[in-house]
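# Geometric and topological summary
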Amino acid sequence: MKKEDVISYIVYALILVAAILTVVFAINPLLSEEDAYLNGLPAFSYSPVVYSIITIVISIIFGGILVEVGHVLGAKIGKYKIISVNILYFNFYKTKNAQGKDTFKFRFKSFDGLTGETIVMPVTGKDGKYISKPGAMIYLPNLLLALFTALSFLGYALSIKDTLVFAPLSLYLVLVFGIMLFYNIIPTKLDSITDGYQMKICSKKSNIPAFNESLRIRSCNILGIDPGETIVFDEVTDYTFEINLVEVYKLLAKNDYAGAYKILDKMYKLRESLNASNKAKLIGQMIYILLIDPNNLANVELAKKIYYSEITSEEKRDVSNASYIETIRAYILISGILELSETEVQYATSRANSAYRKVESGRKDIEKVLYQNALKLVKEKHPKWELVINNKQVEKEKEVSKTQTTSESVKNQNKVTKEVTKKVIKEKTKTNLEDDEDEDDE
């Protein structure tokens, strides 16, 4: 189990305990039959569960808005450009209109965070150095949460004193805001990147340029534009790793595998400074490069040495189980060339599309090529392998193949009737990666 997963479980356990204790010993008495009438809540005395659900939903929505407002205001103070704001799947993102001017559109989209996510682009001065400062963007959301938690508790205290209707609601606000604040200030990476984690990174001034560079690269990838020349950092952190990967992808796009491997190998020797998911990506990228040309026996032997002798069993497990396209395409080669396991290749390909949907737009094209190269190589080495999940799918693919007698018809599957296509898409293992933009757009 990954370190961040363990910490996440501990954090969620503490949150659950705090929530239960607050509801049972503080909020529930306010909603009991006698006290509810005293607080002006006769209707809710018969339905405390309904009241609780409504107030929790209101509190979460308000808290999510509060956090992202803090991020947006902090970004403006720190001189960043806003690229995307996501609050509980309601995403407002920057794009170009027909006249080529910047505009914001709306869509439903997932996010990396507890209740939302704000994506920004740093700004440079005339000397080419970043003038954007992340401090306000990181600290302001937590200051707002702390302020409104205190105000909510004050409201609770006043409501109790005057036997007003707002006491239970105020306590729920205290509970939800307090949970968000606690989660957001944890100074380590959880199942999402928190402000607390970014506070820890940016507490070192030397990390701020790398932090800004990572924000710039990510924004460029999301906008689908070339990030241009990027810095290759000698110091290996989770931020510099992502930045160095930009250069790695550029070299891979040029088929310069030796140059890409050189950068990866340098980080591999210092990989203990990376979190588990980035270590898995790094190892996966290296093994992929070594195995993509199986005729190079020296590289194949080096891949065996890394996979079987150098990396730990935990790192090996992370590579096989990670839901990132970088590790999935590597595991296809590991399973097909080193392990000779058809079922493991099937396992990897069955997860490829969901992983590909998570890839930022700037990397989608190269990742599709790298993935398909891996799959093609395994198919060439094992032509009798059927990369499918079950017999039902085999029958479906046979049914489709009857209508597709040429390679041109295969490329144009969308010409098959909608009914057949929908049924096949739902049941077959997708080995051709697909984008999710249609799913995200409103």
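Please refer to the structure placed before this passage.
These lines cover the structure that appears in this document, whether it is placed above or below. This one's a predicted model, so the numbers in the text were calculated from it and none came from an experiment.

### Focus on the pattern of salt bridges
- As enumerated under the stated definition, the model contains 12 salt bridges in all.
- Measuring nitrogen to oxygen at the nearest pair gives 3.7 Å for the salt bridge that ties Glu242 to Lys281. You can see Glu242 sitting in helix α8 (residues 238–253) and its partner Lys281 sitting in helix α10 (residues 276–291), a full 39 residues away along the chain.
- In this structure, the salt-bridge partner of Asp265 is Lys269, at a minimum N-O distance of 3.6 Å.
- When its relative accessible area of 21% is taken as the criterion, Asp265 is described as partly exposed.

### Section: helix α5 (residues 167–184)
- Counted at 1.5 Å a residue, the expected span for α5 with its 18 residues is 26 Å, and the 26 Å between its end C-alpha atoms agrees.
- Burial analysis of α5 places 14 of its 18 residues in the buried class, which makes it a mostly covered element.

### Quick word on the packing of α10 against helix α12 (residues 313–321)
- At a closest axis distance of 9 Å, the pairing of α10 and α12 adopts a crossing angle of 80°. Here α12 runs roughly perpendicular to α10, going by the angle between their axes. Residues Ala276, Lys279, Ala280 and Ile283 of α10 form the contact with α12, whose participating residues are Glu315, Asp318 and Val319.

### Here's the deal with the sheet that holds strand β1 (residues 80–87)
- Across the sheet, which stays open at both edges, the four strands sit in the order β3-β2-β1-β4 with antiparallel pairing between neighbours. Here the strands that pair on one side only, and so sit at the sheet edges, are β3 (102–108) and β4 (116–122). Each strand axis lies, on average, 30° off the axis of its neighbour in the sheet, ignoring direction.
- Along the sheet, helix α3 (residues 48–77) contacts β1 and β4; its crossing angle with β1, the most-contacted strand, is approximately 175°.
- Sitting on the sheet, helix α7 (residues 208–223) is in contact with β1, β2 (90–96) and β4, with an inclination near 105° to β4.

### Some remarks on helix α13 (residues 325–339)
- In terms of burial, α13 is a largely internal element, 14 of the 15 residues being buried.
- Following α13 by one or two positions, Leu340 has its phi on the positive side, about 55°.

### Notes on the packing of α13 against helix α16 (residues 361–381)
- At a minimum axis separation of 9 Å, α13 and α16 run at an interaxial angle of 10°. In this view, α13 runs roughly parallel relative to α16, as classed from their interaxial angle. Contacts between α13 and α16 pair Ile325, Glu326, Ile328, Arg329, Ile332, Leu333, Gly336 and Ile337 from the former with Arg363, Glu367, Leu370, Tyr371, Ala374, Leu375, Leu377, Val378 and Lys381 from the latter.

### Things to note about the nonpolar core
- By size, the foremost hydrophobic cluster in this structure holds 55 residues, and its most contacted members are Leu291 and Leu333.
- Going through the elements one at a time, α8, α9 (257–268), α10, α11 (297–310), α13, α14 (342–350), α15 (352–356) and α16 are the ones with two or more residues in this core.
- The residues touching Leu291, leaving out its near neighbours within four places in the chain, are Val300, Ala303, Leu333, Ile334, Ile337, Leu338 and Leu377.
- One finds Tyr80, Val120, Tyr197 and Phe211 within the second-largest nonpolar core, a separate group that totals 16 residues.

Analysis parameters
- Residues numbered from 1 in each chain as written.
- Predicted model: local features only at pLDDT ≥ 70, side-chain atom pairs only at ≥ 80, totals over all residues.
- Heavy atoms only, no water.
- Salt bridge = Lys/Arg side-chain N within 4 Å of Asp/Glu carboxyl O.
- Helix = DSSP H or I, 4+ residues; strand = E, 2+ residues; numbered from the N terminus.
- Buried < 20%, exposed > 50% of the residue type's maximum accessible area, 1.4 Å probe, protein only.
- Expected span 1.5 Å × (residues − 1).
- Axes fitted to C-alpha atoms, helices over the stretch in contact; angles between N-to-C directions.
- Parallel < 35°, antiparallel > 145°, perpendicular 65-115°, else oblique.
- Contact = heavy atoms within 4.5 Å.
- Pairing = 2+ DSSP bridges.
- Core = buried A, V, L, I, M, F, W, Y, C linked by side-chain atoms within 4.5 Å.

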